[in-house]
Amino acid sequence: MPGTWDANLKLVYAVDQGAFFAIDTVQSGNPFDVIANLEIGDDLMAVATRYDLHVAVRNLSQSTTLLNQTVPVTLTPAHADFNEERRVQFPAGWAGTDGDVLEVVAGLKVTAGVHTDYSSSTSNAFMVSA
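Described below are features of the structure shown in this document. Just so it is clear, the structure is predicted and the values come from calculations on it, not from any experiment. (Residues numbered from 1 in each chain as written. Predicted model: local features only at pLDDT ≥ 70, side-chain atom pairs only at ≥ 80, totals over all residues. Heavy atoms only, no water.)

**Quick notes on the overall build of the chain**
Short version of the rule: Per the convention used, a helix needs a DSSP run of H or I reaching at least four residues, while a strand needs a run of E reaching at least two, with both numbered from the N terminus. The cut-offs for exposure are 20% and 50% of the maximum accessible area for each residue type, with area from a 1.4 Å probe on protein chains only; residues under the lower value are buried, those over the upper are exposed, and the others partly exposed. We call two residues in contact when some of their heavy atoms are within 4.5 Å.
Looking only at helices and strands, one finds 1 helix and 9 strands in the chain. Counting from the amino terminus, the chain carries its helices and strands in the arrangement β-β-β-α-β-β-β-β-β-β. For the C-alpha atoms alone, the extent of the chain along its principal axes is close to 50 × 25 × 20 Å. Across the 130 residues in the chain, those meeting the buried criterion constitute 42%. Long-range contacts, defined here as pairs at least 24 residues apart, represent 72% of the contacts in the chain between residues at least 6 apart.

**Comments concerning the nonpolar core**
Considering soluble globular proteins, one finds that nonpolar side chains tend to be buried as a cluster. The test is simple: Nonpolar core, defined: a set of buried Ala, Val, Leu, Ile, Met, Phe, Trp, Tyr and Cys residues in which side-chain atoms within 4.5 Å join the residues together.
Phe-32, Tyr-51 and Phe-126 are the most contacted members of the largest nonpolar core, which has 34 residues in total. Within the residue set of this core, elements represented by two or more residues are β1 (7–16), β3 (32–40), α1 (42–45), β4 (50–59), β5 (64–74), β6 (82–90), β7 (101–112) and β9 (126–129). It is β7 that contributes the most residues to this core, 6 residues altogether.

**Concerning the packing of aromatic side chains**
For the record, the criterion: Stacked, edge-to-face and tilted are the three classes for Phe, Tyr and Trp ring pairs, Trp counted by its six-membered ring, which pair at centre distances within 6.5 Å; planes under 30 degrees apart are stacked, over 60 edge-to-face, the rest tilted. Lysine NZ or arginine CZ positioned within 6 Å of the ring centre and within 35 degrees of the ring normal marks a charge as sitting over the ring.
Under the counting rule described, the total for this entry stands at 4 aromatic pairs. Residues Phe-32 and Phe-126 carry aromatic rings whose centres are separated by 6.1 Å and whose planes lie at 70° to one another, so their mutual orientation is edge-to-face. Placement of the pair is Phe-32 in strand β3 and Phe-126 in strand β9, with a sequence separation of 94 residues. Every member of this aromatic cluster is reached through a ring pair, and the members are Phe-32, Phe-90, Trp-94 and Phe-126. Here Arg-87 stacks its cationic end above the ring of Phe-20, 4.7 Å away from the centre of that ring.

**Topic: the environment of Leu-108**
With respect to the helices, strands and loops of the structure, Leu-108 is situated in strand β7. Leu-108 gets classed as buried once you look at its relative accessible area, which sits at 2%. For the pair Leu-108 and Ala-36, spaced 72 residues apart in sequence, the C-alpha to C-alpha distance is 9.7 Å. Setting aside residues up to four positions removed in sequence, Leu-108 forms contacts with Ala-7, Asn-8, Leu-9, Leu-38, Tyr-51, Asp-52, Asp-117, Tyr-118 and Ser-119.

**Considerations on the side chain of Asp-100**
Counted only if it meets this: Only four residue types enter the tally: Lys and Arg on the positive side, Asp and Glu on the negative side; His and the chain ends are excluded. Any Lys or Arg side-chain nitrogen located within 4 Å of an Asp or Glu carboxyl oxygen qualifies as a salt bridge. Each polar contact in these results corresponds to two N or O atoms within 3.5 Å; when the atoms are within protein, one needs to be able to donate a hydrogen and the other to accept it, and residues that are neighboring in sequence are counted only if both atoms are side-chain atoms.
Within the element layout of this structure, Asp-100 appears in the loop between β6 and β7. Comment: no salt bridge for buried Asp-100; closest opposite-charge side chain is Arg-58, at 13 Å. A polar contact of 3.4 Å, which involves the side chain of Asp-100, links it to the side chain of Gln-62. Not counting the four nearest positions on each side in its chain, Asp-100 is found in contact with Asn-59, Ser-61, Gln-62, Phe-126, Met-127 and Val-128.

Don't take any of this as a statement about function, it's just geometry.
Structural data, given as structure tokens:
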């Protein structure tokens, strides 16, 4: 758990669409999801009104950003720890080359009145299959 005034993006990983187990490969062009586990401490959550989850998939083999998406979420302040598993869907239609190595990079921004907290995380690498 993060400190009471902290937010933490604990884990991000790529999964097959609708699944929960991390993938080692994804077929070029197929849809897949990214799961992000995040926490917000109780004091920060008491004044939190939103968070923005920024998710990008990098192609490490080509040194490019393959996909990116920002997910804004409105929060209702509550004096309690906040834990969430957020699924971000990436649709079919992207292109990769067989053997390319991919990685998810994610950033979390929590807005809480005059307070703003940031956290980031990266996934294990996974590969594109033909």
